[in-house]
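Overview (structure and organization)
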Amino acid sequence: MSTSRAVPVTLAEIARLAGVGRAAVSNWRRRHPSFPERIAGTDTNPQFSLTDIEGWLRENKKLKKSAEREWLWPGFEALGGRDETGAAIAEVGRLLSGRVSDEGAESREIRAETRELIERAVDLGQCEGGMETFAFLLRRWLDVHVRQIATTPEPLASLMAELALWAADGVAGGGPRSSGGTTVMDPACGPGHLLLAAADAVRASGAGTLTLLGSDRDAVLASLADSRMALAENEGQKEKEWARVSVRAADSLRNDPFSGTRADIVLCNPPFNEREWGYEELATDARWSHGLPPRTEPELAWVQHCLAQLRPGGAAVLLLPPAVAARKAGRRIRGSLLRTGQLRAVVALPPGCAAPHSVSLHLWVLRMPTPGEGAPAGDRLLVADAASRFPRDPEEKWTPDWVAISAFVREAVAEADSPQVPAYVRQVPVIELLNDEVDLTPGRHIAPSPADTAPRLAEAWREFTGLTAKVNKSAKLLAALGLAMAEEDTPTATTVAELARAGALTLRGGQQPPEESIHAGPPSDDGIPLLTVPDLLVDGEPRSWLAPDTAAAGEAVIAEPGDIVVVGVARAFSAWVHEGPPTALGPQLHAVRVQPEQLDAWFLAGSLRAPANARQAGTHTTNSSRIDVRRLQIRQVPLSEQRRYGEAFCELTAFERLLRRSADLGTSLVRDLGDELAAGRLANGA
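Residues numbered from 1 in each chain as written. Predicted model: local features only at pLDDT ≥ 70, side-chain atom pairs only at ≥ 80, totals over all residues. Heavy atoms only, no water.

**Description of empty space enclosed by the protein**
What the rule picks out here adds up to two cavities of 30 Å³ or more. Here the second largest cavity defines a volume of roughly 30 Å³. Along its surface, the second largest cavity is lined by Arg217, Asp251, Leu253, Arg254, Glu274, Glu276, Trp277 and Trp302. Counted by class, the lining of the second largest cavity contains three nonpolar, no polar and five charged residues. (1 Å grid on protein atoms, 1.4 Å probe; cavity = no way out; pocket = protein on both sides within 12 Å on 5 of 7 lines; lining within 4 Å. Points joined across faces, edges and corners; volume = space filled by probe spheres on them. Nonpolar A, V, L, I, M, F, W, Y, C, P; charged D, E, K, R; others polar.)

Printed below as a string of C-alpha cells:
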C-alpha cells in the first residue's frame, strides 16, 4: 500500500490484520530487529505505519491472504472525521456501480491520498465483488459511529417489509398492482437498510418491476445509500427486475424531493424526539389531515408525512418510540388515525431490538383507504405484544431471537381474524380505544396468557422459595456476629492515597473512551462491557460495550475479577469487589487492585463503602458532589484481622444481593398473581 502519509495502527490492529494474537505481534517486535519502529504512541501502547507493517509482513511471509479488505479499513479510518470517511466509502460504491453522478450528496473535493485509497478499494472490489467490498467498509464505518447513527437491524428491516406487504393491497401474491410495478419509499433512509429489505421482500413476492425512492437530510448517509442502491441495482438488472433507483439528500418534512409521487409501500425509522422539526414553518401544511402535530410530537409528523406519500391501498410501517402511543399531546391525532381506519396494527417489540436498546420500540402499520372505502363500523386495531411474549431476563445476557419474534408477528397478522387468536395478540375494538387517553400501547390491552402465566408463576415461586431459604441462612450468620463495645484505643486509620504510596494498592480512575469505540446494546461475544455512573443510577447494568482493540490500545480502564470498583459520585457512592467479566469503567468510577499479602480485598471494599467515610471524603454536602477516593479511610489492622472482617463483609454483600433479588421477584409475583386473581382464575377448592 502506497500513500503519501503514514496511517497509524496499534498492536491489536496488526494482530487482527495478520490473523494472530496480540502476543504473537509483541513477540515479532521483540525477536525481529527488522520489525518497523513505532511512529507514534508510547512504548507500552505503540503505533506503527500501516505501510511499513504491510511491507514487513509480506517480506516475512506472515501476511494473511484472506484479509485484503481488512487492510483497507485502517486507511479509511485515518482519513479524518465521520463525513470525510463516509464520503470516501460512498465514492467507492459509486465507482464500483459505474454510476456517472452521485444523486445523494453534493460534490466534494477529494484529496490525492484519499483518491489513491479509493482506487485501491475499487480495484479490490472488482476482483472480490463490488457489493461485498462496499458492504464491508460501510459496516465498519457504522460500527465506529454507532452512537451517532441509528440504523435499522437487518432482521427488523425484513420484518417491517413483510408487514407492509401484508397490509398493502395488490402488492404481495401477484395482485393487480404486479403488472404495473411497485414503488417503495423511505423518507429518512439513512444508509438504506429498509430500502434493501423492501426490495428483497417485494421481489420475492413476484410483484413485478421495482422503483426505490429514498431521501435523508444527512448528505453523507444519502450518498452512502445512493451508492448502495446503485450496486444493488446493477445486480438486479442482471435479472431485469429493477426499474429505477433514486436517493436524494433532503429534509423530507421541510422539502420533500418526491412531492407528488405516490408509493405502494413506505418504510421509515424516523429520528426520535426532535423538537426542531419544522413546527412553525409547516403549520399550514396540507399533509396534516389528522391535525397539526404538537411541537413535542415530531413522530406524529412523520406518521402523517408517510401517509401522504401513499397511493390508495398502499401501506406504511414506521418504527417509533413507545411514548408516541400514549403521550397526552398526541391523543387527538391518534384518535383520528383510528376513526379513519388508517392505523391498522401496533406491535410492541422486546427491548434490545433496535436503538435505543433500553425501551420496547413499537411498529405502527398504516394503510391508506381506497376511494369510498371509509372505516367500517366496529373496526378494530390489531395489537401484538412481543415484549411480553419474549420477556428479557435481567440476570442473563439477552439478544433478540429474530426467528422467534418474526414468527410471532407473522402468526399475529395471519391469524388475527381467526376465532382462536394467538396469545399476546388481540383485535381491540376502536370504540374501546377512543377514551380520554387513546393509549395504543399493546400491553395495556392484552391480558397475559394463562398457559404462559402458570408455568412462569410456578418457576418464580420456586426461585422465591430458594431465595428466602438463602436469606434466612445468611441472616442467621450475620445475626450471630458479636459486636464488641467500642475500644478505648481505636486502631490508626490510613487513607487510600497513603496505601497507594506504600505500594499496597494501585488506584486507576475510569475514563471516557473515544466516542467512536463505544457500541450500544448488549456486548458481542468478545466485547467488553462499559459501566458508567448513569448505568448505576438506573439498574447497575452496562448499556454499552467496547471492542477488545480499544482495551488493548490502552484507551480504557478495565476492572478485572477481584478488583474493587469505587464510585466517586455521592448520589451513587458504593464500593464492591468485582466478580463479573472484565469491565471497562467510565468517568467517576475507579478500579483498586490490592497486594493480597498486604490487604484483603473484601475488608477494603467494606471499609471504603461506609457512609460516614463518603461524607468525610466528599467535596460538597449535596448528593451531586464528588467523592475524593484518595481521601477515603481504612483502619490499620493486621492481615489476619482484615480477613476475619472481610468474611463478614462478603456475607453482608451476599445478604444485600439476596434481599434485592427477593424484592424484585416478590413485586413481580404480587403483580402477576394479582392479575390472575382479578381475572377469576382461582381454582375451585383453593
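Having seen the structure, we can now continue with the description.
**Brief notes about helix H12 (residues 331-339)**
By the burial criterion, the buried members of H12 are Ile333, Arg334, Gly335, Ser336, Leu337 and Leu338. Contacts made by the buried residues of H12 are with helix H11 (298-308), strand S9 (343-348), strand S10 (362-367), strand S11 (380-385) and helix H15 (430-433). Gly341, located one to two residues past H12, shows a positive phi value of around 75°. (Buried < 20%, exposed > 50% of the residue type's maximum accessible area, 1.4 Å probe, protein only. Helix = DSSP H or I, 4+ residues; strand = E, 2+ residues; numbered from the N terminus. Contact = heavy atoms within 4.5 Å.)

**Things to note about the side chain of Asp563**
Positionally, Asp563 belongs in the loop between strand S18 (557-559) and strand S19 (564-567). We classify Asp563 as buried; its relative accessible area is 3%. Within the structure, the side chain of Asp563 is placed 2.8 Å from the side chain of Arg593, a separation counted as a polar contact. (Polar contact = N/O pair within 3.5 Å; in protein donor to acceptor, adjacent residues only side chain to side chain.)

**Quick look at the side chain of Glu676**
Within the secondary structure layout, Glu676 lies in helix H22 (residues 639-678). Aside from chain neighbours lying at most four places away, what touches Glu676 is Thr453, Leu457 and Arg681.

**With respect to the pairing of strand S8 (residues 310-320)**
With ten of eleven residues buried, S8 lies mostly within the body of the structure. Relative to S8, strand S7 (residues 263-268) runs parallel, the two sharing five bridges. By the bridge assignment for S8, Ala263 is matched with Leu310. In this fold, the crossover linking S7 to S8 by way of H11 has right-handed handedness. (Pairing = 2+ DSSP bridges. Right-handed = clockwise from strand over helix to strand, strands pointing away.)

**Details of the nonpolar core**
One finds Phe76, Leu137, Trp141, Leu267 and Leu363 to be the most contacted residues of the largest nonpolar core, which totals 82 residues. If near-sequence neighbours (up to four positions away) are discounted, Trp141 is found in contact with Trp73, Arg82, Thr85, Gly86, Ile89, Ile149, Val220, Leu221 and Leu224. Counting 39 residues, the second-largest nonpolar core is a separate cluster that includes Val303, Leu310, Leu320 and Ile446. (Core = buried A, V, L, I, M, F, W, Y, C linked by side-chain atoms within 4.5 Å.)

**Concerning the packing of aromatic side chains**
Scanning the entire structure with this criterion turns up eight aromatic pairs. Here Trp277 and Tyr279 contribute two aromatic rings whose centre-to-centre distance is 6.0 Å and whose plane-to-plane angle is 75°, an arrangement assigned as edge-to-face. Judged by relative accessible area, Trp277 falls into the buried class, the value being 3%. Residue Tyr279 is classed as partly exposed on the basis of its relative accessible area of 25%. Taking the centre distance of 6.5 Å and the plane angle of 65° together, the rings of Phe603 and Tyr645 count as edge-to-face. With Phe603 in helix H20 (residues 601-608) and Tyr645 in helix H22, this residue pair connects regions lying 42 residues apart in the sequence. Owing to a relative accessible area of 32%, Tyr645 belongs among the partly exposed residues under this scheme. Aromatic ring contacts, followed pair by pair, group Trp28, Phe35, Phe48 and Trp56 into a single cluster. (Phe/Tyr/Trp six-rings, centres within 6.5 Å; stacked < 30°, edge-to-face > 60°.)

**Description of the environment of Val25**
Considering the arrangement of structural elements, one finds Val25 in helix H2 (residues 22-31). Residue classification places Val25 among the buried residues on the basis of a relative accessible area of 0%. With 14 residues separating them along the chain, Val25 and Leu11 place their C-alpha atoms 6.6 Å apart. Each residue touching Val25, except ones within four places of it in the same chain, is listed here: Leu11, Ile14, Ala15, Val20 and Phe35.

**Description of unusual backbone geometry**
That bond from Ala355 to Pro356 is cis: its omega, -5°, falls within 30 degrees of zero. When you line up the elements, Pro356 lands in the loop between S9 and S10. The backbone of Asn273 shows a phi angle near 55°, a positive value even though the residue is not glycine. Judged by its relative accessible area of 53%, Asn273 is exposed.

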